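# Structural overview for review
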Amino acid sequence: MVQSARRSCPLPPVTGLVLCGGQGRRMSPDGAGIDKAFVTFRGRPLVQHVIERMTPQVDTLILNTPSGPAWDALGCERVSDRLGTPNQPIGPLAGIHAGLKTIRTNWLVCTPCDTPFLPRNMTRTLFAEQKRTDAMAVGVRCEGRLHPILCLLHRGVVEGLERFIDGGGRRVEDWLRTIPAAWCAFPNAESFINLNTRAELEAMERP
């Protein structure tokens, strides 16, 4: 389990969740899939960039991952999906659900494993919007685009999430609209770049 250093200005206790359960088909050379979290970017696995940026922003950091010994070396607590099967995956909502069912804090902040340039003040900024709106969920909006997987969630939304999934819902953005979520504006689109393909990774390889 990764515990962060105490943050300079207290925020409500919050757990970070890095979603690593994607199949990575667009990143793999043959389209069969790959653990995208371990693809090397600027000399380190993609997920390590995210861990480095998120750890100072949260009290505890956990990873939503498939099973496998390679994850142990990252030193983070892991949670596995509780819903869906390998043949009928639910997608990111299953990882978010697993995180919400696991945390011991009231708040969870989520991010995918392929966003290596995350703002170092993302959690603080999301909490500022939550305080302003009193919302149970706050997602990221940047230059007119929504990034729903990057979100701050109160653990009290989990029952609604289960109903949404049971009803066939699968898109994170659609679920957030049922809460409804607030959307927090960020200024720099490069902070939220997802590296989904080898071409995208190679284009961003140089600092």
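For the structure, see preceding data.
So, on to the pairing of strand β7 (residues 107–112). Most of β7 sits out of view: 6 of its 6 residues are buried. The pairing of strand β2 (residues 14–19) with β7 spans 6 bridges and is classified as parallel. Paired with Val14 across the two strands is Trp107, which belongs to β7. Here β7 runs beside strand β9 (residues 145–154); their pairing, made up of 4 bridges, is antiparallel. Residue pairing for β9: Leu108 is matched across the bridge by Leu153.

The tally for this structure, following the rule as stated, stands at 10 salt bridges. In this structure, Arg78 engages Asp72 in a salt bridge whose closest nitrogen and oxygen atoms are separated by 2.9 Å. Note on Arg78: relative accessible area 33%, which makes it partly exposed. Between Glu162 and Lys101 there is a salt bridge; the shortest N-O distance is 3.6 Å. Here Glu162 is found in helix α4 (residues 158–166), whereas its partner Lys101 is found in helix α2 (residues 92–102), with 61 residues between them in sequence.

Here the structure, examined in full by the defined rule, presents 4 aromatic pairs. Ring centres 5.8 Å apart and planes at 75 degrees place the aromatic pair Phe41 and Phe117 in the edge-to-face group. Of the two residues, Phe41 sits in strand β3 (residues 40–41) while Phe117 sits in the loop between β7 and α3 (122–133), which places them 76 residues apart along the sequence. Here Phe41 falls in the buried class, since its relative accessible area comes to 0%. Residues Trp107 and Phe127 carry aromatic rings whose centres are separated by 5.6 Å and whose planes lie at 75 degrees to one another, so their mutual orientation is edge-to-face. Taken together, the positions of Trp107 in strand β7 and Phe127 in helix α3 put the pair 20 residues apart, joining distant regions of the chain.

Of note, His97 is situated in helix α2. On the basis of relative accessibility, which here comes to 3%, the residue His97 falls in the buried class. Not counting residues up to four positions away in its chain, the partners in contact with His97 are Arg82, Leu83, Val158, Leu161 and Glu162.

Here we come to the pairing of strand β8 (residues 137–142). Among the 6 residues of β8, 5 are classified as buried, and the element is accordingly described as predominantly covered. Across 6 bridges, β8 lies against β9 in antiparallel orientation. Bridge pairing links Arg141 to Leu146 in β9. In terms of strand pairing, β8 meets strand β10 (residues 182–186) through 5 bridges, oriented parallel. Looking at β10, one finds that Arg141 is bridged to Ala185.

Conventions we followed
- Residues numbered from 1 in each chain as written.
- Predicted model: local features only at pLDDT ≥ 70, side-chain atom pairs only at ≥ 80, totals over all residues.
- Heavy atoms only, no water.
- Buried < 20%, exposed > 50% of the residue type's maximum accessible area, 1.4 Å probe, protein only.
- Helix = DSSP H or I, 4+ residues; strand = E, 2+ residues; numbered from the N terminus.
- Pairing = 2+ DSSP bridges.
- Salt bridge = Lys/Arg side-chain N within 4 Å of Asp/Glu carboxyl O.
- Phe/Tyr/Trp six-rings, centres within 6.5 Å; stacked < 30°, edge-to-face > 60°.
- Contact = heavy atoms within 4.5 Å.

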